[in-house]
Structure formats: structure tokens, C-alpha cells
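Notes for the structure review
So you can see what is in the structure, the chains are spelled out below.
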Amino acid sequence: MKEGYRLLGDFIRQVDVRNTDGKEENLLGVSVQKMFIPSIANTVGTDFTKYKVVKRGQFTYIPDTSRRGDKIGIALLTDYDEGLVSNIYTVFEVKDENELLPEYLMLWFSRPEFDRYARFKSHGSVREIMDWDEMCKVELPVPSIEKQRSIVKAYNTITDRIELKRKINDNLAA
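Residues numbered from 1 in each chain as written. Predicted model: local features only at pLDDT ≥ 70, side-chain atom pairs only at ≥ 80, totals over all residues. Heavy atoms only, no water.

Quick word on a nonpolar patch on the surface
On the surface, L164, I168 and L172 cluster together into a nonpolar patch covering about 320 Å² of accessible area. For L172, a relative accessible area of 68% corresponds to the exposed category. (Patch = residues over 30% accessible without salt bridge, like charges linked within 9 Å, V, L, I, M, F, W, Y side chains within 5 Å. Areas by Shrake-Rupley, 256 points an atom, 1.4 Å probe, with all protein chains shown as cover. Salt bridge = Lys/Arg side-chain N within 4 Å of Asp/Glu carboxyl O. Buried < 20%, exposed > 50% of the residue type's maximum accessible area, 1.4 Å probe, protein only.)

Here's what the structure looks like:
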């Protein structure tokens, strides 16, 4: 293992909370753009109690990598307090946010190198998957929590400026 790198499995744990109340709102899917999206699934006759509940600050990933090109579907829930996802998705969370920020981890997952790694580590003949054990074996640099906050803040500042410039350009074009 590279110096300064740690195993992701030391920092995360699976979460398996089922929708026992049978709620039917905020049914979400996960895109290869690494975002939650409203589900387009046909839900007529669906038993919603089998769906998993994902809460703000938790991740969801789709272990099946075979039909998503060279990307893995993974997202951090930030826009809702909670949502519902398919029972075939894996929901997980950071054990201690004083050691690893979920936002920093999402930046790591967003890198093209992570997608390539996930495809390389996927296995299976008909349906390739990157299972939970492989996810836990991912090695990543884990700097101090202050450094993680600094990285996330710098990234957010840049993306906010890009969005502001896009809006200005749209206004000028109109």
C-alpha cells in the first residue's frame, strides 16, 4: 500500500434500513454522473417495503458495473433528508466524520481513476459487479480532517464560480 493511503473499509459500514412504513415518496436512482436522480421505474404493483432507506450524508452505489460503460453509479445524498432506493443497491455511510468527510470521499469517487479501478476490480461472467468486499479494499489517501475540509472547500469554491459564470453567460446570451 502506498504511503499515506488507507483501506476504505476502515472508514465505512453498510447500512440496510428497509422502508417498513411503505412510504412511496422520494424514490431515487443513481446516475453515472454520480448523482441521485428521480427514479423512472414503473412502480405499479410494487412492494415499497422492500426498498432501502438512504439518509442525508449516506452513499448509495450500484454494484453492477457491466451496463454503465466505464463508470460506476455512486452518489452521496445531499438534497433530501431521506429517499428510497432499490434493494439491489448498496447503502453505506462513513463511520466517523471526524476521520473522513463524506464530501471528501465523494470527491475521490468522482475521479475517472476510481471508475477505471472499479471496472478493473469488477468480476463476473454475465453481470460484472464490484462487490462490498472489493469496495472495502479500495486504497485512498486520508489526510488530516483539516486538510480534507480545505480540499472540499476549494473544490466547492471553484464549482460555485463556474456555475456563476455559466449563469452570467446564459443571461448575456438571452
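What follows picks up the thread again.
A short note on unusual backbone geometry
With a phi angle near 60°, N26 is a residue other than glycine that sits in the positive phi range. Among the structural elements, N26 can be located in the loop between β2 (12-15) and β3 (28-30). By relative accessible area, N26 is classed as partly exposed at 30%. Unusually for a residue other than glycine, K34 sits at a positive phi of about 65°. With respect to the helices, strands and loops of the structure, K34 is situated in the loop between β3 and β4 (36-38). In this structure K34 comes out as buried when scored by relative accessible area, which is 11%. (Helix = DSSP H or I, 4+ residues; strand = E, 2+ residues; numbered from the N terminus.)

Focus: a negative patch on the surface
On the surface, D10, D96, E97, E99 and E103 cluster together into a negatively charged patch. Looking at the element boundaries, D10 is found in the loop between β1 (5-7) and β2. (Lys, Arg positive; Asp, Glu negative; His and termini not counted. Charge placed at Lys NZ, Arg CZ, Asp CG, Glu CD.)

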